[in-house]
Amino acid sequence: MVYNWLFNEQSCLLCDGPAEVGASLCTGCESELPWLTGQCAVCALPLPTSGLVCGACLKRPPAFERVEAPWRFAFPVDTLIHRFKHQARWPLGRLMAECQARHLAHAFDEGLPVPQALLPVPLATRRLRQRGFNQAGLLADWLSKALGIPVRPGLLRRVQDTPAQQGLDARARRRNLRGAFALAEGADVYGQHLALVDDVVTTGATAEALARLLRRAGAARVDVYCLARTPRPGD
Ligand SMILES: [Zn+2]
Ligand SMILES: [Zn+2]
């Protein structure tokens, strides 16, 4: 009995305190994460209440159907994502993917249609070389294992290295991404329901570019699964 307890004891990845068996987060840390509790029904932009569609989505309906994110891009999730991406702290990425999988499983229970495949957002070749891994690819693999949805990793390709999106406004981001992506040769997406996977959705420009590409190729529906959604600048 004692042996079992010792054997199963885990410590929280955030505070080092004791975590529940089978979990890598303690309940205190979990409850303090910036859970997204009110958001745009389309792009998941943080809003005071749920069930509304934001002004930008009303004015210019995106090519994707829906963004699903468990968190706002705020402390400590922003730091965790940074460490996962830039310091290759994979256990943190895995922990966040597990939370995202639980979030999605719940959404599926509530009626969100289950996609036929997960498509990681491709990283620019230069950045892939610097970083050595594509964080979206890892997230898609972890989500796939947890949810039993296959990944189609090579379907989306980055054909052009674009300058980093950081620091650009929405319009500049859209322009920056023109011609950046393509479908793999012979890829068939006709009539399919697909879900893009990325770590953060900021303006939604990348998701929009990829969703439009897929819809033009005949995809029936494109959703976007990310860990965190940024608020509107200034909010
Ligand atoms: Zn903790
Ligand atoms: Zn919106």
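Residues numbered from 1 in each chain as written. Chains lettered and ligands numbered in written order. Predicted model: local features only at pLDDT ≥ 70, side-chain atom pairs only at ≥ 80, totals over all residues. Heavy atoms only, no water.

A short note on the coordination of the zinc ion (ligand 2)
Here's step 1: Taken together, the protein ligands of the zinc ion (ligand 2) are Cys40 (SG), Cys43 (SG), Cys54 (SG) and Cys57 (SG), with distances of 2.3 Å.
Here's step 2: Taken together, the four donor atoms surrounding the zinc ion (ligand 2) define angles of 105 to 114° at the centre, an arrangement classified as tetrahedral.
Here's step 3: Sequence spacing among the residues donating to the zinc ion (ligand 2) works out to C-x2-C-x10-C-x2-C. Of this pair, Cys40 sits in the loop between helix H2 (27-32) and helix H3 (55-59) while Cys54 sits in the loop between H2 and H3; the two residues are 14 residues apart in sequence, bridging distant segments of the chain. As far as the burial class goes, Cys40 and Cys54 line up, both buried. (Donors = N, O, S within 2.8 Å, 3.2 Å for Na, K, Ca; no water. Tetrahedral: all angles 85-135°; square planar, octahedral: opposite > 155°, others 65-115°. Helix = DSSP H or I, 4+ residues; strand = E, 2+ residues; numbered from the N terminus. Buried < 20%, exposed > 50% of the residue type's maximum accessible area, 1.4 Å probe, protein only.)

A short note on the packing of helix H5 (residues 90-109) against helix H7 (residues 135-147)
Here's step 1: At a minimum axis separation of 9 Å, H5 and H7 run at an interaxial angle of 50°. Considering the angle they form, H5 stands oblique to H7. Considering how the two elements wind past one another, H5 and H7 form a crossing that is right-handed. In this structure, H5 contributes Trp90, Gly93, Arg94, Ala97, Gln100, Ala101, Leu104, Ala105 and Phe108 to the contact, and H7 contributes Leu138, Leu139, Trp142, Leu143, Ala146 and Leu147. (Axes fitted to C-alpha atoms, helices over the stretch in contact; angles between N-to-C directions. Parallel < 35°, antiparallel > 145°, perpendicular 65-115°, else oblique. Left-handed = near helix turned anticlockwise from the far one by under 90°. Contact = heavy atoms within 4.5 Å.)

Notes on the environment of Gly132
Here's step 1: Along the chain, the position of Gly132 falls in the loop between helix H6 (125-131) and H7.
Here's step 2: Taking the C-alpha atoms as reference points, Gly132 and Ala97, separated by 35 residues in sequence, lie 19 Å from one another.

What to know about helix H9 (residues 205-216)
Here's step 1: Its 12 residues give H9 an end-to-end C-alpha distance of 16 Å, which sits within 8% of 16 Å, the value for a rise of 1.5 Å per residue.
Here's step 2: What H9 keeps buried is the set Ala205, Thr206, Ala207, Glu208, Leu210, Ala211 and Leu214.
Here's step 3: Where H9 is buried, its residues meet strand E5 (117-120), strand E6 (156-158), helix H8 (170-177), strand E7 (181-183), strand E8 (193-201) and strand E9 (221-229).
Here's step 4: Immediately beyond the C-terminal end of H9, within one or two residues, lies Gly218, with a positive phi of roughly 105°. (Expected span 1.5 Å × (residues − 1).)

Brief notes about the coordination of the zinc ion (ligand 1)
Here's step 1: Donor atoms from the polypeptide that coordinate the zinc ion (ligand 1) comprise Cys12 (SG), Cys15 (SG), Cys26 (SG) and Cys29 (SG), at 2.3 Å from the metal.
Here's step 2: For the zinc ion (ligand 1), the four donor atoms are set out with angles of 103 to 117° between them, so the coordination reads as tetrahedral.
Here's step 3: Donor residues for the zinc ion (ligand 1) sit on one chain with the sequence pattern C-x2-C-x10-C-x2-C. Each member of the pair Cys26 and Cys29 is classed as buried.

Observations concerning empty space enclosed by the protein
Here's step 1: All told, the structure shown has one cavity of 30 Å³ or more when counted by the stated rule.
Here's step 2: Taken as a whole, the largest cavity encloses approximately 40 Å³ of empty space.
Here's step 3: Breaking the lining of the largest cavity down by element, the ones donating at least two residues are helix H4 (77-86) and H5.
Here's step 4: Of the residues forming the lining of the largest cavity, the biggest block, three residues, is contributed by H5.
Here's step 5: Its residues assigned to classes, the lining of the largest cavity shows nine nonpolar, no polar and no charged. (1 Å grid on protein atoms, 1.4 Å probe; cavity = no way out; pocket = protein on both sides within 12 Å on 5 of 7 lines; lining within 4 Å. Points joined across faces, edges and corners; volume = space filled by probe spheres on them. Nonpolar A, V, L, I, M, F, W, Y, C, P; charged D, E, K, R; others polar.)

So, a positive patch on the surface
Here's step 1: Together, Lys59, Arg60, Arg171, Arg174, Arg175 and Arg178 make up a positively charged patch on the protein surface.
Here's step 2: Top element by residues in the positive patch is H8. It accounts for three residues.
Here's step 3: Of note, Lys59 is situated in helix H3.
Here's step 4: For Lys59, a relative accessible area of 76% puts it in the exposed group. (Patch = residues over 30% accessible without salt bridge, like charges linked within 9 Å, V, L, I, M, F, W, Y side chains within 5 Å. Areas by Shrake-Rupley, 256 points an atom, 1.4 Å probe, with all protein chains shown as cover. Salt bridge = Lys/Arg side-chain N within 4 Å of Asp/Glu carboxyl O. Lys, Arg positive; Asp, Glu negative; His and termini not counted. Charge placed at Lys NZ, Arg CZ, Asp CG, Glu CD.)

Topic: the layout of surface pockets
Here's step 1: As a volume, the second largest pocket reaches approximately 700 Å³.
Here's step 2: Where the lining of the second largest pocket is concerned, the elements lending two or more residues are H3, H8 and H9.
Here's step 3: Looking at the lining of the second largest pocket element by element, the count peaks at four residues for H3.
Here's step 4: A breakdown of the residues in the lining of the second largest pocket according to their chemical character gives 13 nonpolar, five polar and seven charged.

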